[in-house]
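# Secondary and tertiary structure notes
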Amino acid sequence: MNKLVIVTYVLRGLGFVLVLLSLFGHSIILNVFPGLEGMSINPIFYSGIAVYLIGAVIYFFVNKKIRAERRRSEIEEATGRLFSSGDESSEK
């Protein structure tokens, strides 16, 4: 698997965890960052969404490129089989 694809999965996972922590883990966040007591935890939520979106956008473009390469190779194989099977039947 491509290293960039793995990085996108990690980014999306981290974004998902940050969003879940901001929604359900107020006490965990306040234990880890005691300076946030009395402040809004919205920056953690927004950073989670941003990290997830960055991973998703990168994955979209990488996957689009991989699919195009796969489609191109399948077309080359199909045309190669088509022309090679036609040559064999005419030789007999």
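Predicted model only: the values in this text are computed from it and were never measured.

### A few points about the overall build of the protein chain
- Within the protein chain, the secondary structure is distributed over three helices and zero strands.
- Against the compact-globule benchmark of 12 Å for 92 residues, the protein chain has a radius of gyration of 24 Å, which places it well outside the compact range.
- Taken along the three principal axes of its C-alpha coordinates, the protein chain extends 85 × 20 × 15 Å.
- For the protein chain, with 92 residues in total, the buried portion stands at 15%.
- Counting contacts in the protein chain only where the partners sit at least 6 residues apart, residues at least 24 apart contribute 66% of the total.
- Of the roughly 7300 Å² that the protein chain leaves accessible, carbon and sulfur atoms contribute 66%.
- Between the centroid of the 10 positive side chains of the protein chain and the centroid of its 8 negative side chains there is a distance of 7 Å.

### A closer look at the packing of aromatic side chains
- Tallying each qualifying case throughout the model produces three aromatic pairs.
- The interplanar angle of 75° and the centroid separation of 5.3 Å between the aromatic rings of Phe 60 and Phe 61 together place this pair among those described as edge-to-face.
- When its relative accessible area of 49% is taken as the criterion, Phe 60 is described as partly exposed.

### What to know about the side chain of Arg 12
- Following the sequence through the fold, Arg 12 ends up in helix α1 (residues 3-24).
- The charged side chain of Arg 12 is buried without a salt bridge, its nearest counter-charge being Glu 69 at 17 Å.
- Those residues in contact with Arg 12 that sit more than four places away from it in its chain are Tyr 52, Gly 55, Ala 56 and Tyr 59.

Analysis parameters
Within each chain, residue numbers correspond to sequence positions counted from 1 in written order. Note on the predicted model: pLDDT of at least 70 is required for a residue's local features to be given, and 80 or more for side-chain atom pairs to be given and counted; whole-chain, interface and lining totals, by contrast, use all residues. Only hydrogens and water are set aside when side-chain values are computed; all heavy atoms of the structure are taken into account. Secondary structure elements are defined from DSSP: runs of H or I of at least 4 residues count as helices, runs of E of at least 2 residues count as strands, and each element is numbered from the N terminus. All radius of gyration figures rest on C-alpha atoms, and the globule criterion is 2.2 Å times the number of residues raised to 0.38. Classification of residues uses two cut-offs on accessible area relative to the type maximum, computed with a 1.4 Å probe and protein chains only: under 20% is buried, over 50% is exposed, and between them is partly exposed. Contact between two residues is taken to exist if any of their heavy atoms lie within 4.5 Å; hydrogens are not considered. Each accessible area value is a Shrake-Rupley result obtained with a 1.4 Å probe; residue values ignore everything except the protein chains displayed when judging cover. Under the counting rule used here, the positive set is Lys and Arg, the negative set is Asp and Glu, and His together with the chain ends is not counted. All charge positions are set by atom: Lys at NZ, Arg at CZ, Asp at CG, Glu at CD. In summary, the pairing rule links any two rings of Phe, Tyr or Trp, Trp by its six-membered ring, whose centres are within 6.5 Å, and it sorts them by plane angle into stacked for under 30 degrees, edge-to-face for over 60 and tilted for everything else. When a carboxyl oxygen of Asp or Glu is within 4 Å of a side-chain nitrogen of Lys or Arg, the pair counts as a salt bridge.

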